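So you can see what is in the structure, the chains are spelled out below.
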Amino acid sequence: MAAFAEGPPQTQAEGEAFGAALVGCWEATQAYLDGAAEGASDDVVRRLDAVMARAAREGHLSVNELVDDVETAALPLLLLPYMRAQALERSGPAAPGVAPEEIMGRRAGAVRSAKAAFSAFLNRALDLELLAGPDLDAWRELEGTDEGEGERRSADPNAKRLRKIERYRRQQAAVTRIAEIDAALRSQLEGLGGGAGGNAAAEILRIQAESPGGEALENADELIRERWEIALSHAIRDAVEQLGSLTEEMGILEFMAARRPPAPPGGGPDGSNRGAPQSAAEDGRMRQRSAVPDPNRPGLTVTHLDRGVDGLVTERRETVKANVFRPYHNLPTMSLEEFAQQEMEDAMRREAASKAAEENPGPRRMDQLERDGDEDDAELAEQAAYKDRAWDDWKDDHPRGMGNKMGKRF
């Protein structure tokens, strides 16, 4: 199997140096995307750009090649633009105290950059004849190049749902096959450890860079090539999905920006800073206070003098409430920017809680242990026994249907 150190016109030392740079970049990027490493997305993007520029300069890939013409050792290079698009989309949140307008502007810039990067990756996949079938149809629909047919398909929610289900099934099949290949490669390649996914990919890259002419690599060439091709197909499907989500998010951001009223030059109603809210949060609190009637200001007392048919003047008094001109609907208590920031924080909090739950799922029941193949672990089995016993006790104390009153209110 050809490796970086074997391709002209570079020397073996230059090829090995490029292989080491690729492995280091891959590991750092994967750690950032998995959330295992902190840092700015700009640093990750710059490192990916440097490796891709070096690959183009040293001739590891050609713009005229099809995927069957690309050497197995160079296939991972085709995934770098996809990883770059992921890094652009996952730009970190703004620092505390940043104005909502700036947060929206930064996010809109990140979405535009990520959309352009995903589109460039899919265009390259199309040139390589990797993008075809349902994925190509879905991308054309997003790009609006299907000349009317895409509009009819997108208008049918049932067809859209079926396409998403089919795409999800193919994604799961790809993940399962990659895990099977990784397990087979561990038995053939000495030094290949770690789990499936990005860790195993980095290990394969490292072995390719450090042992380019090894007999084990030659024997495992078919499996390694299949793994990278499946990973490319997996990335293409995910890129189409991400492109659709980013397109919808961009529409929401543009709508929010268009609905935001322009502020006066000085901030206040007369162009000065007098009376102007110092932040969006203070602006929301001021609106909320103005929506609540002040008990110390009951309103105005109005006296009406009416002349009756008999010529007598009658006096009628009524109190005009302070909120008589208040609209019938509830006034907003926060701005769209505040709500968007709150939703972003909630989403980040849910994502962190989900990752924590995955890392520490807690004790499982016995049927779950049997499903996962861990029933022989004595400690886990003991924890499962306690959990099953507690669940049985709870069911004994709460028989099925005890809360159903059969439609009776008392």
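Further up the page is the structure itself.
A short tour of the structure in this document, coming up.

Conventions we followed
Residues numbered from 1 in each chain as written. Predicted model: local features only at pLDDT ≥ 70, side-chain atom pairs only at ≥ 80, totals over all residues. Heavy atoms only, no water. Helix = DSSP H or I, 4+ residues; strand = E, 2+ residues; numbered from the N terminus. Buried < 20%, exposed > 50% of the residue type's maximum accessible area, 1.4 Å probe, protein only. Contact = heavy atoms within 4.5 Å. Areas by Shrake-Rupley, 256 points an atom, 1.4 Å probe, with all protein chains shown as cover. 1 Å grid on protein atoms, 1.4 Å probe; cavity = no way out; pocket = protein on both sides within 12 Å on 5 of 7 lines; lining within 4 Å. Points joined across faces, edges and corners; volume = space filled by probe spheres on them. Nonpolar A, V, L, I, M, F, W, Y, C, P; charged D, E, K, R; others polar. Axes fitted to C-alpha atoms, helices over the stretch in contact; angles between N-to-C directions. Parallel < 35°, antiparallel > 145°, perpendicular 65-115°, else oblique. Left-handed = near helix turned anticlockwise from the far one by under 90°. Core = buried A, V, L, I, M, F, W, Y, C linked by side-chain atoms within 4.5 Å. Salt bridge = Lys/Arg side-chain N within 4 Å of Asp/Glu carboxyl O.

In terms of helices and strands, the protein carries 14 helices and two strands. Counting every position in the protein, which comprises 410 residues, the buried fraction comes to 30%. Expressed as a percentage of contacts within the protein between residues at least 6 apart in sequence, the contacts between residues at least 24 apart total 64%. Surface accessibility of the protein: about 26,200 Å² in total, with carbon and sulfur atoms responsible for 51%.

On to empty space enclosed by the protein. Applying the stated criterion to the full structure yields one cavity of 30 Å³ or more. Empty space within the largest cavity amounts to approximately 40 Å³. In terms of lining, the largest cavity is formed by Leu78, Phe121, Arg124, Ala125, Leu128, Leu130, Leu232 and Ile236. The greatest single-element share of the lining of the largest cavity, amounting to three residues, is contributed by helix H4 (residues 100-127). Split by residue class, the lining of the largest cavity holds seven nonpolar, no polar and one charged.

With respect to the secondary-structure elements, Pro81 resides in helix H3 (residues 80-89). Residue classification places Pro81 among the partly exposed positions, given a relative accessible area of 25%. Sequence separation between Pro81 and Met52 is 29 residues, and the spatial gap between their C-alpha atoms is 8.2 Å. Once residues lying within four places of it in the same chain are set aside, the contact partners of Pro81 are Met52 and Phe121.

This part covers the packing of helix H5 (residues 133-143) against helix H10 (residues 221-259). The geometry of a pair of packed helices is captured by two quantities: the angle between their axes and the separation between those axes. Viewed as axis vectors pointing N to C, H5 and H10 meet at an angle of 25°, and their least axial separation amounts to 10 Å. In terms of axis orientation, H5 runs roughly parallel to H10. The chirality of how H5 crosses H10 is left-handed. Residues Asp135, Ala138, Trp139, Leu142 and Glu143 of H5 pack against Ile236, Arg237, Val240, Leu243 and Gly244 of H10. Of the residues assigned to the contact of H5 with H10, the class counts are six nonpolar, one polar and three charged.

Nonpolar side chains in soluble globular proteins tend to be buried together. Trp26, Leu80, Phe118, Leu122 and Trp228 are the most contacted members of the largest nonpolar core, which totals 62 residues. When contributions to this core are tallied by element, the ones reaching two or more residues are helix H1 (12-33), helix H2 (41-57), H3, H4, H5, helix H7 (157-188), helix H8 (198-210) and H10. Per-element tally for this core: the top contributor is H10, with 14 residues. Residues in contact with Phe118, not counting those within four places in the same chain, are Tyr82, Ala85, Gln86, Ala239, Gln242, Leu243 and Leu246.

Turning our attention to H5. Residues of H5 that are buried include every one of Asp135, Leu136, Ala138, Trp139 and Glu141, and no others. The positive-phi residue at the C-terminal boundary of H5 is Gly144, with phi of around 70°.

Turning to the pattern of salt bridges, a few remarks are in order. Across all of its chains, the model carries 18 salt bridges by this definition. Two residues, Glu58 and Arg54, come together in a salt bridge whose shortest N-O distance is 2.9 Å. Using a relative accessible area of 17% as the deciding quantity, one classes Glu58 as buried. Arg349 is paired through a salt bridge with Asp346; the nearest N and O atoms lie 2.3 Å apart. Taken together, the residues span about one helical turn, with Arg349 and Asp346 both in helix H12 (residues 336-359) at a distance of three residues. The exposure class of Arg349 is exposed, given its relative accessible area of 52%. The network of salt bridges with common partners includes Arg364, Arg371, Asp372 and Asp374.

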